[in-house]
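The chain contents come next:
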Amino acid sequence: MAAISLFKLTEIRGMGLTRRLEEYGDRPALIFPGRTPITYRDLALRVTALAAEFGPEKKLVAVAAEPTEHAVISYLAAVHGKQAVGLIPPCNASALDDFVADYSPEIICRRVDARWRCRAEAGKSNGALHPDLAVLLGTSGSTGKSRYVRLSAAAIEANAGAIVSYLELGHRDRAALILPFHYSYGLSVLNSHLEAGASIYFPKHGASHAAFAQEMREARCTNISGVPYSFEMMDHAGFRRHNLPELRFMTVAGGRMQQALAETFRRHLADNSGCFFMMYGQTEATARIAYVPPASSRAIWAASALPSRAAKSGWLMKTAGQSNKMASRANSSTAVPM
């Protein structure tokens, strides 16, 4: 087996996440079924305006991360204004209540009476916010209550840049965002496509729906990222029976995938000039840490070794963002060539 190789931070073009939005002009950024796409120019204007409303002083902003333009813009506005933003599961009412009780955010962005609102709160976040703190993402805890991982902008940018590099993302790419973006894997899909000037499509149908594949074809999605269960549902719904000429790759992470199913999708994509990437990641390291190049069926076997190899390499961190050097070590993606 060949030695592990790394993408160094110097090999990654700077993301600038929100500061580069306007550069992509009239290219589509966010696409929702049955609506005119939101262009990068429009997105930049709305992000800048909301960031100004948040004010110049660093605050903790809580965002209910529903799959809507309002939630995405609220997240981007907080990042743009160098606030600290906590991304909260939108379907769990107690999650936001717990976050407010534990951290006392100064601003809460959520849906109230069917309308999206960002409201200033009377509370004051507990303790001074670290200047490098950009994002708080929940991860499971031993008590069943979410624990929040601290991430810096440098860590997020390094991870998104690495993903752009090894997936060769460009402005013609279009991701189907079937993962919630309060989840580090889903957030990395969003961030990496914004970095590349690509577009993000928010599907009407879930992966288990019989019409999902046809929707992907009509939306001209070039890639789909999911957890192993996503692929189980797609397989049961007959996804592979459909011809998707624009689909050039799929990625899986978030748990171990059954070898037979992984090989099935690898072969399906290879037969249609596409690629299947098996990955490993952790919220504590922003998102994806390692991947197996999809050259052959041997990659399926190698993917099972990713967690142990990544852990032994010493690149995993319990918190990210103490320095640019640490962000580079935590978020440079590891290639495991066969």
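No experiment lies behind these values; they were computed from the predicted model shown. (Residues numbered from 1 in each chain as written. Predicted model: local features only at pLDDT ≥ 70, side-chain atom pairs only at ≥ 80, totals over all residues. Heavy atoms only, no water.)

The next thing to look at is the sheet that holds strand 5 (residues 84–88). Read across the sheet, 6 strands follow the order 7-6-4-5-8-9 without closing on themselves; strand pairing throughout is mixed. Every interior strand has two partners, whereas the edge strands, strand 7 (115–120) and strand 9 (147–152), have only one. With strand direction ignored, the average angle separating the axes of adjacent strands in the sheet is 25 degrees. Sheet topology note: the strand 4 (residues 60–64)/strand 5 ladder contains 5 bridges and is parallel. Along strand 5, the bridge assignment pairs Leu-60 with Ala-84. (Pairing = 2+ DSSP bridges. Helix = DSSP H or I, 4+ residues; strand = E, 2+ residues; numbered from the N terminus. Axes fitted to C-alpha atoms, helices over the stretch in contact; angles between N-to-C directions.)

What follows covers the pairing of strand 14 (residues 275–281). Most of strand 14 sits inside the fold, with 5 of its 7 residues counted as buried. Strand direction decides the pairing type here: strand 13 (residues 249–252) and strand 14, joined by 4 bridges, are parallel. For Val-252, the partnering residue across the bridge sits in strand 14 and is Met-278. (Buried < 20%, exposed > 50% of the residue type's maximum accessible area, 1.4 Å probe, protein only.)

This next bit is on helix 6 (residues 212–219). Listed as buried for helix 6 are Phe-212, Ala-213, Glu-215, Met-216 and Ala-219. All buried residues of helix 6 lie within an arc of 160 degrees about the axis, which places them on one face of the element. Where the residues of helix 6 are buried, they touch strand 10 (174–176), strand 11 (199–201), strand 12 (223–226) and helix 7 (228–236). Arg-220 occupies a position one or two residues after helix 6 and carries a positive phi of about 60 degrees. (Arc of directions from axis to C-beta. Contact = heavy atoms within 4.5 Å.)

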